[in-house]
Amino acid sequence: MLLQYLKLLRLHQWIKNVIIFAGIIFAKKLTDVESVQRVVAAFFLFSLVASCQYVVNDYLDRKEDALHPEKKHRPLASGKLDPSFALFITAIILPLSLILSYLLYPSFFGLVAFYLVFNVLYSKFLKHMVILDVMSISIGFVIRAIAGAVVIHVTFSSWMLLCTFMLALFWGFSKRRGELIILEGNAKGHRKILDEYSTSFLDMMLGIVATMTLMSYVLYVTSSTTIANLGTDRMIYTIPVVVYAIFRSLYIIYIKNMGHNPTKAILSDAYVLVSGVIWVILVIVIMYSDFGKGIRFDL
């Protein structure tokens, strides 16, 4: 039962929370031991709270998930795990995680609590509202990014939050498109909101959001404000990597038909993973070495 519960926590989804580390990287605090410890603690605490939210969602959606070709194998939907046992363990982990979040930093706790309440609203209302359902998911990623900055006492960048929102929006619409395709005629039976979407509409939305994501990032790295804050004009060298990652993501969505499960798609695609690692290495090298020091572009 414990193994089934660990599966229910969806530990692989913790990759979504790596955005929490953005603040410490761009604030140039990777060499500050205390900041590193705080952001690592924030990552695990936020991930535990998010996992508890997954448990609650799976409990509420277990009947609908039983109709899904992939979700029907989840512990609660398949009947492999007793729902009362899952709720009992969650009732222990969630309060403990919230208490530790408060002890880590009250403002961080406030964001975690807001994320939890916001997800309850999403489960009850927002996920049934077309477009707002995907935007709500994206807001969750923005909250993660803010939490990562707040816990180490740095100001978060509005540009970075915009890039985070747009990228999350991109994968959110890809998920809806993938669900429509994989469920075919049973889409409405699994999730009523899918009846409000069509593949042609989602194709248009994906094209718009992909363009906005790239433009947001380009404007971010070339902004005079960003150059002044980061102390370098060479973040522009990371643009080709981001462009490739977006194009590869479109390939995953349209050619490999894996848009319905963004996390699995990213983790199982070596090219996306490698491009992500290259981007992180480039950012660290540019910001933490002499390579980042150069003549400023005339913007």
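Residues numbered from 1 in each chain as written. Predicted model: local features only at pLDDT ≥ 70, side-chain atom pairs only at ≥ 80, totals over all residues. Heavy atoms only, no water.

Novice: Go over the packing of helix H7 (residues 106-124) against helix H8 (residues 132-150), please, and point to the residues and values.
Specialist: When two helices pack together, their arrangement is given by the angle between the helix axes and by the axis-to-axis distance. Axis separation between H7 and H8 bottoms out at 9 Å; the angle between their running directions is 170 degrees. The pairing of H7 with H8 is recorded here as roughly antiparallel in orientation. Note on element contacts: H8 touches H7 through Asp133, Ser136, Ile137, Ile139, Gly140, Ile143, Arg144, Ile146, Ala147 and Val150, opposite Ser107, Phe108, Leu111, Phe114, Tyr115, Phe118 and Tyr122. Grouping the amino acids of the contact of H7 with H8 by side-chain chemistry returns 12 nonpolar, 3 polar and 2 charged. (Axes fitted to C-alpha atoms, helices over the stretch in contact; angles between N-to-C directions. Helix = DSSP H or I, 4+ residues; strand = E, 2+ residues; numbered from the N terminus. Parallel < 35°, antiparallel > 145°, perpendicular 65-115°, else oblique. Contact = heavy atoms within 4.5 Å. Nonpolar A, V, L, I, M, F, W, Y, C, P; charged D, E, K, R; others polar.)

Novice: So what about the UniProt feature "transmembrane region" (unreviewed entry) in the chain? Which residues, and what values?
Specialist: Those places that UniProt annotates as "transmembrane region" (unreviewed entry) correspond, in this numbering, to residues 12-27, 39-56, 85-118, 130-150, 156-173, 201-223, 235-254 and 266-289. Segment residues 235-254 splits into 80% helix and 0% strand. End C-alpha atoms: 30 Å apart. (UniProt positions renumbered as here; feature names shortened; annotations may be inferred.)

Novice: Summarise the domain arrangement of the chain; cite the residues concerned and give the values.
Specialist: Annotation of the chain at the domain level lists domain 1 (1-156) and domain 2 (157-298). Relative to domain 2, the C-alpha centre of domain 1 lies at a distance of 21 Å. Across the contact, 36 residues belong to domain 1 and 34 residues belong to domain 2. Summed over both partners, the interface of domain 1 with domain 2 buries about 3100 Å², with 69% contributed by carbon and sulfur atoms. It is Phe26, Lys28 and Val134 in domain 1 that bury the most area against domain 2; as a group they hold 21% of the surface buried on that side. Linking domain 1 with domain 2 are 1 salt bridge, by the criterion used here. Residues Arg176 and Asp133 are paired through a salt bridge, measuring 2.8 Å at the closest nitrogen-oxygen approach. Counting across the interface, domain 1 meets domain 2 through 12 residue pairs in polar contact (both at pLDDT 80 or more). Of all the elements in the fold, those that place two or more residues in the side of domain 1 that touches domain 2 are helix H2 (22-26), helix H4 (62-65) and H8. If one sorts the elements of the side of domain 1 that touches domain 2 by residue count, H8 sits on top with 10 residues. Within the side of domain 1 that touches domain 2, the residues separate by chemical class into 21 nonpolar, 6 polar and 9 charged. (Domains from an automatic or database assignment. Buried area = accessible area lost by both parts, 1.4 Å probe. Salt bridge = Lys/Arg side-chain N within 4 Å of Asp/Glu carboxyl O. Polar contact = N/O pair within 3.5 Å; in protein donor to acceptor, adjacent residues only side chain to side chain.)

Novice: Mind laying out the nonpolar core, listing which residues take part and the relevant values?
Specialist: Membership of the largest hydrophobic core comes to 64 residues, with the highest contact counts inside it found for Phe26, Phe46, Phe108, Phe173, Tyr217, Tyr220 and Met235. With 11 residues, helix H9 (residues 158-183) is the single largest residue contributor to this core. Looking at which domains feed residues into this core, each of domain 1 (1-156) and domain 2 (157-298) supplies at least three. Grouped together as the second largest cluster of nonpolar side chains are 8 residues, Tyr5, Leu8, Leu76 and Leu81 included. (Core = buried A, V, L, I, M, F, W, Y, C linked by side-chain atoms within 4.5 Å. Buried < 20%, exposed > 50% of the residue type's maximum accessible area, 1.4 Å probe, protein only.)

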